[in-house]
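# Observations on the three-dimensional arrangement
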Amino acid sequence: MPRQIVFPTVLFLHNLFTAIWVGGLITLGVTVLPSAKRVLGMGPEIKRLMDTIQRRLSVLVYISIVGLILTGLLLSNRSPSFLGLFNFGNAYSAVLSAKHILTLLMIVVALYRSLALGRSGRPPTPTQEKVKAGLLFLNIGLSVVVLLLSAVCTALSAGPPPA
């Protein structure tokens, strides 16, 4: 398949997976959670609603994580500045490595939120709910930094600005 089709397709999928994961995080934390709390209060209804939403979003997030890993590996070799995974030998590779480290941290947080805190079989305690919310907002913050680092990588891979 010609490079003119493969690269744009891989980049499109990478951006789509990013939009699904980051968009879901931001929508959940900034819109759904506060709105549900305002309408339903802090009773069992909100817990059922948020658990149902999280279960549905988790499927999309897991697919996005796998897709991001696969497409990210394909995209990282595209730049001549790429020195290898977790290599800090030049500015591009250092920024990309920092982005990958933060993304791995996001994956750990997402898995912990959904697997350890989300499926215990018992009703969550108020402390567990606060931890889940805190981890959601941690991942929102991390995702914003990851997007910033992606922009820096794009700028670095484009070379120096014209004089």
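These numbers were taken from a predicted model, which means no experiment stands behind them.

Right, let's talk about the overall build of the protein for a bit. Broken down by element type, the protein carries 4 helices and 0 strands. Helices and strands appear in the protein in the N-to-C order α-α-α-α. In terms of principal-axis extent, the alpha carbons of the protein reach across some 60 × 30 × 30 Å. Every one of the 163 residues in the protein was classed for burial, and the buried ones make up 34%. Of the contacts made within the protein by residues no fewer than 6 positions apart, 66% connect residues no fewer than 24 positions apart. Taken as a whole, the protein presents about 9900 Å² of accessible surface, with 72% of it coming from carbon and sulfur.

End to end, helix α4 (residues 126–157) covers 46 Å across 32 residues, agreeing with the expected 46 Å (1.5 Å per residue, within 8%). Looking only at α4, the buried set comprises Lys132, Ala133, Leu135, Leu136, Asn139, Ile140, Leu142, Ser143, Val146, Leu149, Ser150 and Cys153. In this structure, the buried residues of α4 make contact with α1 (3–40), α2 (44–76) and α3 (91–116).

One way to put it is that α3 packs onto α4 with a least axis distance of 9 Å and a crossing angle of 160°. The angle between α3 and α4 places the two elements in the roughly antiparallel class. The interaxial crossing formed by α3 with α4 has left-handed handedness. In terms of residue class, the contact of α3 with α4 is built from 21 nonpolar, 5 polar and 3 charged.

Calculation rules
Residues numbered from 1 in each chain as written. Predicted model: local features only at pLDDT ≥ 70, side-chain atom pairs only at ≥ 80, totals over all residues. Heavy atoms only, no water. Helix = DSSP H or I, 4+ residues; strand = E, 2+ residues; numbered from the N terminus. Buried < 20%, exposed > 50% of the residue type's maximum accessible area, 1.4 Å probe, protein only. Contact = heavy atoms within 4.5 Å. Areas by Shrake-Rupley, 256 points an atom, 1.4 Å probe, with all protein chains shown as cover. Expected span 1.5 Å × (residues − 1). Axes fitted to C-alpha atoms, helices over the stretch in contact; angles between N-to-C directions. Parallel < 35°, antiparallel > 145°, perpendicular 65-115°, else oblique. Left-handed = near helix turned anticlockwise from the far one by under 90°. Nonpolar A, V, L, I, M, F, W, Y, C, P; charged D, E, K, R; others polar.

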